[in-house]
Amino acid sequence: MEPASSLLRRVPRVAYHTGTEASGADALTDIAVAGPCRVELYEVEIDALAEVHETTELAVEPGAPAEQLAGDPDLARRTRECAPTDQAVDPDHDAVSAFLDDEERIAEIKEAARAEAESRASDWGFDI
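Residues numbered from 1 in each chain as written. Predicted model: local features only at pLDDT ≥ 70, side-chain atom pairs only at ≥ 80, totals over all residues. Heavy atoms only, no water.

Caption draft 1: Representation of the pattern of salt bridges in the model. With the rule as written, the count across this model stands at 8 salt bridges. Ionic pairing is found between Glu81 and Arg77, a salt bridge with its closest N-O pair at 2.8 Å. Residue Glu81 and its partner Arg77 are located together in helix 5 (residues 73-82), separated by 4 residues, close to a single helical turn. With a relative accessible area of 58%, Glu81 lands in the exposed category. With a closest N to O distance of 2.6 Å, Arg120 and Glu116 form a salt bridge. Taken together, the residues Arg120 and Glu116, both in helix 7 (residues 103-123) and 4 residues apart, mark about one turn of the helix. Among the charged side chains, a network of salt bridges with common partners joins Asp74, Arg77, Arg78 and Glu81. (Salt bridge = Lys/Arg side-chain N within 4 Å of Asp/Glu carboxyl O. Helix = DSSP H or I, 4+ residues; strand = E, 2+ residues; numbered from the N terminus. Buried < 20%, exposed > 50% of the residue type's maximum accessible area, 1.4 Å probe, protein only.)

Caption draft 2: Geometry of the side chain of Thr79. Within the element layout of this structure, Thr79 appears in helix 5. For Thr79, a relative accessible area of 13% gives the class buried. Of the polar contacts made by the side chain of Thr79, one reaches the backbone oxygen of Leu75; its length is 2.7 Å. Thr79 has contacts with Val11, Pro12, Pro62 and Gly63, leaving out every residue within four places of it along the chain. (Polar contact = N/O pair within 3.5 Å; in protein donor to acceptor, adjacent residues only side chain to side chain. Contact = heavy atoms within 4.5 Å.)

The structure is reproduced here in structure tokens:
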């Protein structure tokens, strides 16, 4: 088993979506809504990320990636237990709030759902 100090460094602390340029909880929301995705993991010296980890806009709550992207509450719980206590996160800006604040994204989802419903209704022989 790895030393505790090594495990602390492996707790997801920041998120950034290169496609939408969203950060923090917004990035997790964009990744989750987009569906299947590719995530890259890089190992770097902890000091190289000091500035990134101090940027509150990029911060994510420990466990949020496990809940939102993997749908694994047990992993989220274990992640929170290993997380550093000094991690800066804005508790008032969670992924749900970020999603609900994005009116354009909600309109796109509604339009896609409407088009899908109309297509299925037509396939099933219902009049619209």
